[in-house]
Amino acid sequence: MSKDKNPYNYIEDYLLTVRSKGCFTVTQNELLEKFNISPKALNQNLFRLKSKNQIAQIRKEFYAIIPPEYSHQGMLPVYLFADDLMKSLKKNYYLGLYSAAAIHGAGHQQPMESQIIIEKPALREIKNDKLSIRFFTRNKWNTGDIIEKKTDAGYIKVSSPELTALDLVLYSSKIGGINRLLPILEDLAEIIKPSKLYRTAKQYNQITIVQRLGFLLNTVIGSDELSASLKKLLNESDFKIIPLSITHKNKEGEVNTDWKVIINTDLQI
């Protein structure tokens, strides 16, 4: 096809071909190479497709293909394009926190914001009127704690219930505080396995997070079996007194001697 010849219909047909292969995404470079057109001509046609809710721009040069069943929303669920997005960015990742909890059936509604854990360096959040994705960084994680969930677009990496619980406590100050995560933690407690929690927590290398999670599971959630697996781990190490909440300036309060946790915030489940 010669440069600048209107490729509008050709692009629509190509997007249908991509979708027929079970893929929901396309990149600008992919289209430029496929049709040998100028970036200006391509952008004009991408704009037309966006105005018809046939595609949605996720990041620069990365687009989601919107099938008819999602045209009203004008956006795909994140789990249908997150894996392709992370591959395009060459980022190791997993869907975590409230997003992972929702996939595991914890919580009574889908979170408005999608949360993805990535390796450093950090990425800017993606936020517009149709989409909100926040990225959180960790240095490394054990691949054995990552589950591959099948979707209509293939597979997506999701933190296990055990890793999700630990991450919720680790990032609690950035995702609404401890009280917000308690109902989610209560639901997760029903599917977390004590032996897996022990193993995951041991490899997590964050003793203070183990203390806080163990305290919450024991004294608030009332899961003696799960908290016992964490207490066993703590008894194998030398742990110190810490505040329950790091968001509160007040570091004083009643001390739970079992977990060496200062209760410096009101807890409400």
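Residues numbered from 1 in each chain as written. Predicted model: local features only at pLDDT ≥ 70, side-chain atom pairs only at ≥ 80, totals over all residues. Heavy atoms only, no water.

Draft legend 1. How the structure looks around the overall build of the chain. Looking only at helices and strands, the chain features 10 helices and 12 strands. Along the first, second and third principal axes, the C-alpha atoms of the chain reach 75 × 35 × 30 Å. Considering the chain as a whole, with its 269 residues, one finds that 48% of them fall into the buried category. For the chain, restricting intrachain contacts to residue pairs at least 6 apart in sequence, the fraction spanning at least 24 positions comes to 60%. (Helix = DSSP H or I, 4+ residues; strand = E, 2+ residues; numbered from the N terminus. Buried < 20%, exposed > 50% of the residue type's maximum accessible area, 1.4 Å probe, protein only. Contact = heavy atoms within 4.5 Å.)

Draft legend 2. Inspection of the sheet that holds strand β2 (residues 55–59) at higher detail. Strand order in the open sheet made by the 3 strands is β1-β3-β2, with antiparallel pairing throughout. Both outer strands of the open sheet, β1 (25–27) and β2, are each paired with one neighbouring strand and no more. Shown here is a sheet whose adjacent strand axes are inclined to one another by a mean of 35°, direction ignored. Pairing geometry for β2 and strand β3 (residues 62–65), over 4 bridges, is antiparallel. Note on β3: the bridge partner recorded for I55 is I65. Its contacts with the sheet place helix α2 (residues 28–35) against β1 and β3, and it is angled at close to 70° to β1. Each of β2 and β3 touches helix α3 (residues 39–51); the most contacted strand, β2, lies at about 110° to it. (Pairing = 2+ DSSP bridges. Axes fitted to C-alpha atoms, helices over the stretch in contact; angles between N-to-C directions.)

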